[in-house]
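Chain by chain, the residues:
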Amino acid sequence: MDTKRRRAFTKKNLPEKTCCVCGRPFAWRKKWARDWPAVKYCSEKCRRTRTGIAPKG
Ligand SMILES: [Zn+2]
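Notes on the structure follow.

About the criteria used
Residues numbered from 1 in each chain as written. Predicted model: local features only at pLDDT ≥ 70, side-chain atom pairs only at ≥ 80, totals over all residues. Helix = DSSP H or I, 4+ residues; strand = E, 2+ residues; numbered from the N terminus. Buried ≥ 20, exposed ≤ 12 C-beta atoms within 10 Å, placed from the backbone. Contact = placed C-beta atoms within 7 Å.

## A look at the overall build of the chain
1) Next: Of the regular secondary structure elements, the chain holds one helix and two strands.
2) Next: If you list the helices and strands of the chain from N to C, you get β-β-α.
3) Next: Taking all 57 residues of the chain together, the buried fraction comes to 2%.
4) Next: Look at the contacts in the chain between residues 6 or more apart in sequence, and 19% of them connect residues 24 or more apart.

## So, the environment of Ser43
1) Next: Tracing the backbone shows Ser43 in the loop between β2 (25-27) and α1 (44-51).
2) Next: Separated by 24 residues in the primary sequence, Ser43 and Cys19 place their C-alpha atoms 8.4 Å from one another.

## Things to note about the environment of Cys20
1) Next: Following the sequence through the fold, Cys20 ends up in the loop between β1 (16-18) and β2.
2) Next: For the pair Cys20 and Val39, spaced 19 residues apart in the sequence, the C-alpha separation amounts to 9.7 Å.
3) Next: In this structure Cys20 touches Lys40, Tyr41 and Arg50, once residues within four positions along its chain are discounted.

## Focus on the environment of Lys45
1) Next: As for its position among the elements, Lys45 is in helix α1.
2) Next: Through-space distance from the C-alpha of Lys45 to that of Val21 is 9.5 Å; in sequence the pair is 24 residues apart.

Purely spatial values, then, with no claim about function.
So, in structure tokens, the structure goes:
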């Protein structure tokens, strides 16, 4: 009855950064493995918010 979502890759010593837009800390993600040094935003949403005016609607 193990309902925990256990994965082989646990978030122990993952590096963290602070989002330039929302100011929230976010942890390293595999998809950022290549571009981690250049990552400044926690999500695509924040990234777009920063780089341009988000269209309404
Ligand atoms: Zn953010």
